Amino acid sequence: MNKQQIRSYTKLLERQRRKTNVPERCYRTQMKDTGNAVEFDNLQVQFFTDNGIVKSVDGVSFCVPTGKVVGVVGESGCGKSVTSLALMQLLQRPQGQIVGGEIRLNLQDKAYDIAKTPEAVMRQLRGSAVSMIFQEPMTALNPVFTVGRQIEEVISFHDRRYATAQEIKNRTLELLELVGIPNPQGVYGMYPHQLSGGMRQRVMIAIAIACNPRLVVADEPTTALDVTIQAQILELLASLRDKLGTAILLITHDLGVVAGIADLVVVMYAGRVVEQGTVQEILSCPAHPYTIGLLASKPVVGKKTDSLFSIPGSVPDPVNLPKHCYFHSRCSHATQACTGEYPAEIQLSPTHKVSCYKENTHG
Amino acid sequence: MDDILSVKNLKKYFPSPNGLVKAVDDVSFSVKRGTTMGLVGESGCGKSTTGRCVLRLSGGLTGGQVLFQNQDLYKLSKKALRALRPKLQIIFQDPFSSLSPRLTVGELMKEAVREHRIVPAGELEHHIDKIMENCGLKTSYKSRYPHEFSGGQRQRICIARALALNPDFVLCDEPVSALDVSIQAQIVNLLQKLQQEYGLTYLFISHDLSVVEHICDTVAVMYLGKIVEYAPTKALFDKPLHPYTQALFSAIPVPDPNHKLQRILLQGNIPSPIDPPSGCRFHPRCPHAMDICSRVVPVLAKVDADHTCACHLYHQVREASKE
């Protein structure tokens, strides 16, 4: 497509997005398994830029079961954040568009396909059914409103059970206490700049869980924090999952964080899922050469090595992705078969799936 | 082995509307030639300020001395300091903001080499080519601009730029923090290779303890402007003594689901360096805090052969065993 065609195509997509009065049957769907909080099915997200079309997410499928933590790992640019933004319908439009696939969000008695849900309905879902914790607690909070007011806003918008101002305030104080803030009364009236990074992240978490969402998306929630504070926040997230039964979609690049808190792991590379399985399967017996490389390249305290393993080369250009396996040029196990079609997903166990020819030949 | 760098009672206070910020308060250490010393701690503990003071990059000191090859850096004249500059180089954390976007890669590297007359004009191109190849960069990159490169490549350019001046000492201020894991490994390996080839000395500032353990020979742990523990890497990681170091180590995430963390969760946050707690600065968060901790400032003293730690827990025990 040339520039002109790209522009007219995004205009077309935008027109569909902006439609109002869409009947519910257009975006209502069925969950494959009602035990899942969200199901990504062959999701495709593309960015239409002047340099060409970037396939940020290219056929991603995985599920987040209710009450479980799913960790999505990968390097920057692999599409992990774009996947989570697509779920929230927060993609940078008009360039970023969901062009294919389904995101099925479980709402207990019904399920919606987020890819087709209109903007007005999405506003009702964001914050109540699904909410998000961002990486930078410094920029995600509004600097001109007090912490209390920012939490109250969510409750008054979504939760009808709290009607009066006093009820909402009490609920806010309760939330601040729940996320482990030492003096809720004081912090209630403070502005974000008066709090430290860890405290701000706690406030973000309080906003995210204010309406008991079924799913919380945490996009690198601890990357901007120090290790000791990171440990505190991870502990808090794990305890909230146990207390409230919320499913958590944890986006991170740190395999150590995943090992500590996640139940299931999804490894992404250049917009595709290369491997997924339980934490045990992925970290103890990784099957994809990329996962193996990722695990080997991180120095581990207590394990002394002379030189770190490093994956040669770098991620392929997202505008001109090859037809064959994207990892082929960096892979030490590459064979003739790898220059053929992109490898299909192979089931190693009921939960463990990998896209690699290496496993094909064994099986 | 001789000490290439020794820092004695370094103090750096910054004025602020609310009083003096004691960013670095009485820090002493020395680095032996050809080794790597790590400086770890959480953000705001003063590790970067210490690094900058060591290179005389942040104005005058509040107190103390920095001796580089037995010369006091803060007593040198402008001219003498300038002559010494090539020997002291720095690699910054963010390879995106530390390269001028208006200069080509070749120009970025040549600028300082030409200025300090490191090599005769005729050999300049050859010198740059050699350094670039050593850092894993193609010589054809010389005509390109920094924005054309990825983070890892840019960090290689920063390393090559520092190395082109034939330095003795390189300050690495969080050189891999902004990079992805697989790229991190490439840069760490490159730094180690170059150290062996050129006999460099590194002061490695980082908050990533696993990288520090991998690359450093000795490690100093900082908390709120003071060094709380200082020891050879192996001794420190085998047996951390200071309660803060223990908590810090227990918080490192390990990529192994079978590893059950014995986390020592610290309460609260780092206090403000404007009005640090009395006595031991860690006492309000310390699980072993005693009476004495809030009154007397513990000194950095030997516990084992070359393992030093500033904590009343150990020095009391020592006194008791003497009696």
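Below or above, wherever it landed, is the structure these notes cover. Fair warning: this is a prediction, and the values are worked out from it, not measured in the lab.

What counts, and where the lines are drawn
Just so you know, the residues in each chain are numbered from 1, in the order the chain's sequence is written. Chains and ligands are labelled sequentially in the order written, the chains with letters from A and the ligands with numbers from 1. Where totals are concerned, whole chains, interfaces and linings use all residues; where local detail is concerned, this predicted model gives features only for residues with pLDDT of at least 70, and gives and counts side-chain atom pairs only at 80 or more. With hydrogens and water set aside, each side-chain value is computed from the structure's full complement of heavy atoms. Going along the chain from the N terminus, every DSSP run of H or I of four or more residues is numbered as a helix, and every run of E of two or more is numbered as a strand. Values of the radius of gyration come from C-alpha atoms, whereas the globule rule sets the reference at 2.2 Å times the count of residues to the power 0.38. The rule is simple: take the accessible area with a 1.4 Å probe, protein chains only, and divide by the maximum for that residue type; under 20% is buried, over 50% is exposed, in between is partly exposed. The contact criterion used throughout is that any non-hydrogen atoms of two residues lie within 4.5 Å. Shrake-Rupley sampling with a 1.4 Å probe provides the accessible areas, and residues are treated as covered by the protein chains on show and by no other component. Asp and Glu are treated as the negative residues and Lys and Arg as the positive ones, with His and the ends of the chain left uncounted. Here the site of a charge means NZ on Lys, CZ on Arg, CG on Asp, or CD on Glu. Here, a salt bridge means any Lys or Arg side-chain nitrogen found within 4 Å of an Asp or Glu carboxyl oxygen. Accessible area, probed at 1.4 Å, shrinks when two parts are joined; the buried area is that loss added up over both. For this analysis, a polar contact is any N or O atom pair within 3.5 Å, provided that within protein one partner can donate a hydrogen and the other can accept it, and provided that sequence-adjacent residues contribute only side-chain to side-chain pairs. The pairing criterion for strands is at least two bridges between them, as found by DSSP. Crossovers are marked right-handed if the path from the first strand over the helix to the second runs clockwise, as seen with the strands pointing away from the viewer. Note on geometry: axes are lines fitted to C-alpha atoms, helical ones only across the stretch in contact, with angles between N-to-C directions running from 0 to 180 degrees. Helix crossings fall into two classes, left-handed where the near helix is turned counterclockwise from the far one by less than a right angle and right-handed where it is turned clockwise. Here the term charged refers only to Asp, Glu, Lys and Arg, the term nonpolar to Ala, Val, Leu, Ile, Met, Phe, Trp, Tyr, Cys and Pro, and the term polar to all other amino acids, Gly among them.

1. A word on the overall build of chain B
Then comes step 1: What chain B contains, in helices and strands, is 10 helices and 12 strands.
Then comes step 2: Over its C-alpha trace chain B gives a radius of gyration of 21 Å, about what one expects of a compact globule, namely 20 Å for 323 residues.
Then comes step 3: Overall, the C-alpha framework of chain B stretches about 70 × 55 × 45 Å when taken along its three principal axes.
Then comes step 4: Buried positions account for 54% of the 323 residues belonging to chain B.
Then comes step 5: For chain B, long-range pairs separated by at least 24 residues make up 63% of all intrachain contacts whose partners lie at least 6 apart in sequence.
Then comes step 6: Only carbon and sulfur atoms are counted for the fraction: they give 50% of the accessible area of chain B, which is about 14200 Å².
Then comes step 7: Placing the 38 positive and 32 negative side-chain charges of chain B at their respective mean positions leaves the two points 5 Å apart.

2. A few points about the overall build of chain A
Then comes step 1: Of regular secondary structure, chain A possesses 13 helices and 13 strands.
Then comes step 2: When the backbone C-alpha atoms are referred to their principal axes, chain A occupies close to 70 × 55 × 40 Å.
Then comes step 3: Among the 363 residues that make up chain A, the fraction classed as buried is 55%.
Then comes step 4: Long-range contacts, defined here as pairs at least 24 residues apart, represent 68% of the contacts in chain A between residues at least 6 apart.
Then comes step 5: Of the side chains in chain A, 37 bear a positive and 33 a negative charge, and the two mean positions are spaced by 6 Å.

3. Observations concerning helix α1 (residues 47–54) of chain B
Residues and elements named next belong to chain B.
Then comes step 1: Within α1, six of the eight residues are buried, leaving the element largely enclosed by the surrounding structure.
Then comes step 2: Every buried residue of α1 is accounted for by Lys47, Thr49, Thr50, Gly51, Cys53 and Val54.
Then comes step 3: After α1 finishes, the residue Arg56 shows a positive phi value of roughly 55°.

4. Quick notes on the pattern of salt bridges
Then comes step 1: For the coordinates displayed, the defined rule picks out 29 salt bridges over all chains.
Then comes step 2: Between Asp2 of chain B and Arg33 of chain B there is a salt bridge, and its shortest N-O distance comes to 3.6 Å. Here Asp2 of chain B, found in the segment before β1 (3–16), pairs with Arg33 of chain B, found in the loop between β2 (19–32) and β3 (36–40); they are 31 residues apart in sequence, far enough to count as distant.
Then comes step 3: Asp2 of chain B gets classed as partly exposed once you look at its relative accessible area, which sits at 42%.
Then comes step 4: A network of salt bridges, in which partner residues are shared, links Glu39, Asp41, Glu102 and Arg104 of chain A.

5. Details of the interface of chain A and chain B
Size of an interface: often given as the accessible area lost when the parts come together.
Then comes step 1: Taken together, the contact pairs 43 residues of chain A with 36 residues of chain B.
Then comes step 2: Of the roughly 3300 Å² buried where chain A meets chain B, counting both sides, 56% is carbon and sulfur surface.
Then comes step 3: The shortest N-O distance in the salt bridge between Asp208 of chain B and Lys298 of chain A comes to 3.3 Å.
Then comes step 4: The interface formed by chain A and chain B contains eight residue pairs in polar contact (both at pLDDT 80 or more).
Then comes step 5: Listed by contribution, the elements that provide at least two residues to the side of chain A that touches chain B are α9 (227–244), α10 (255–261), α11 (279–284) and α12 (289–296) of chain A.
Then comes step 6: In terms of residue count, the dominant contributor to the side of chain A that touches chain B is α9 of chain A (eight residues).

6. A closer look at the side chain of Arg171 of chain A
Then comes step 1: Turning to its location among the elements, Arg171 of chain A is positioned in helix α6 (residues 165–178).
Then comes step 2: In contact with Arg171 of chain A, not counting residues within four places along its chain, are Ile155, Tyr162, Ile209, Ala210 and Asn212 of chain A.

7. Some points on unusual backbone geometry
Glycine aside, residues mostly have negative phi, and peptide bonds are mostly found in the trans state.
Then comes step 1: Here the residue pair Arg93 of chain A and Pro94 of chain A is connected by a cis peptide bond, since its omega of 5° sits within 30 degrees of zero.
Then comes step 2: We note that Asn166 of chain B has phi near 50°; this positive angle belongs to a residue other than glycine.
Then comes step 3: By the secondary structure assignment, Asn166 of chain B is in the loop between α5 (151–163) and β7 (169–173).
Then comes step 4: Take Asn166 of chain B: its relative accessible area is 32%, and that puts it in the partly exposed class.

8. What about the pairing of strand β8 (residues 201–206) of chain B?
Residues and elements named next belong to chain B.
Then comes step 1: Of all the six residues making up β8, six are buried; the element is thus mostly covered by neighbouring parts of the structure.
Then comes step 2: For β3 and β8, the ladder comprises five bridges, and the chain directions are parallel. The partner of Gly38 across the bridge, within β8, is Phe204.
Then comes step 3: Sheet topology places β7 next to β8; five bridges connect them, and they run parallel. Across the sheet, the residue bridging to Phe169 is Thr201, located in β8.
Then comes step 4: Remark: the β7/helix α6 (residues 181–198)/β8 crossover connection has right-handed handedness.

9. Section: the side chain of Ser182 of chain B
Then comes step 1: Its place among the elements puts Ser182 of chain B in helix α6.
Then comes step 2: Polar contacts involving the side chain of Ser182 of chain B include one to the side chain of Glu75 of chain A, which spans 2.6 Å.
Then comes step 3: The contacts of Ser182 of chain B, once residues within four sequence positions are left out, are Glu75, Ser297, Ser310, Ile311 and Arg330 of chain A.

10. Remarks on the sheet that holds strand β9 (residues 218–223) of chain B
The strands making up a sheet are joined through hydrogen bonds of the backbone, oriented either antiparallel or parallel.
Residue and element names in this part refer to chain B.
Then comes step 1: With mixed pairing, eight strands are arranged side by side in an open sheet as β6-β7-β8-β3-β9-β10-β12-β11. Each of the sheet's edge strands pairs with one partner strand only, and the pair in question is β6 (88–91) and β11 (301–302).
Then comes step 2: On top of the sheet, α1 reaches β3, β7, β8 and β9; it is set at about 155° to β8, its chief contact.

11. Focus on the packing of helix α3 (residues 105–115) of chain B against helix α4 (residues 124–134) of chain B
All names here are of chain B.
Then comes step 1: One can describe the packing of α3 onto α4 by two numbers: an axis separation of 11 Å at closest approach and a directional angle of 120°. Judged by the twist between their axes, the crossing of α3 over α4 is right-handed. Across the interface between the two elements, Val105, Met109, Lys110, Val113 and Arg114 of α3 pack against Leu124, Glu125, His127, Ile128 and Met132 of α4.
Then comes step 2: Its residues placed into classes, the contact of α3 with α4 shows six nonpolar, one polar and three charged.

12. Details of the sheet that holds strand β6 (residues 111–113) of chain A
Residues and elements named next belong to chain A.
Then comes step 1: In spatial order, the strands read β1-β6-β5-β2-β3; together these five strands make up an open sheet with antiparallel pairing. Single-partner strands in this sheet number two, and they are β1 (28–29) and β3 (52–65).
Then comes step 2: For strand β2 (residues 36–49) and β3, the ladder comprises 11 bridges, and the chain directions are antiparallel. Residue pairing across strands places Thr49 opposite Gly52, the latter belonging to β3.

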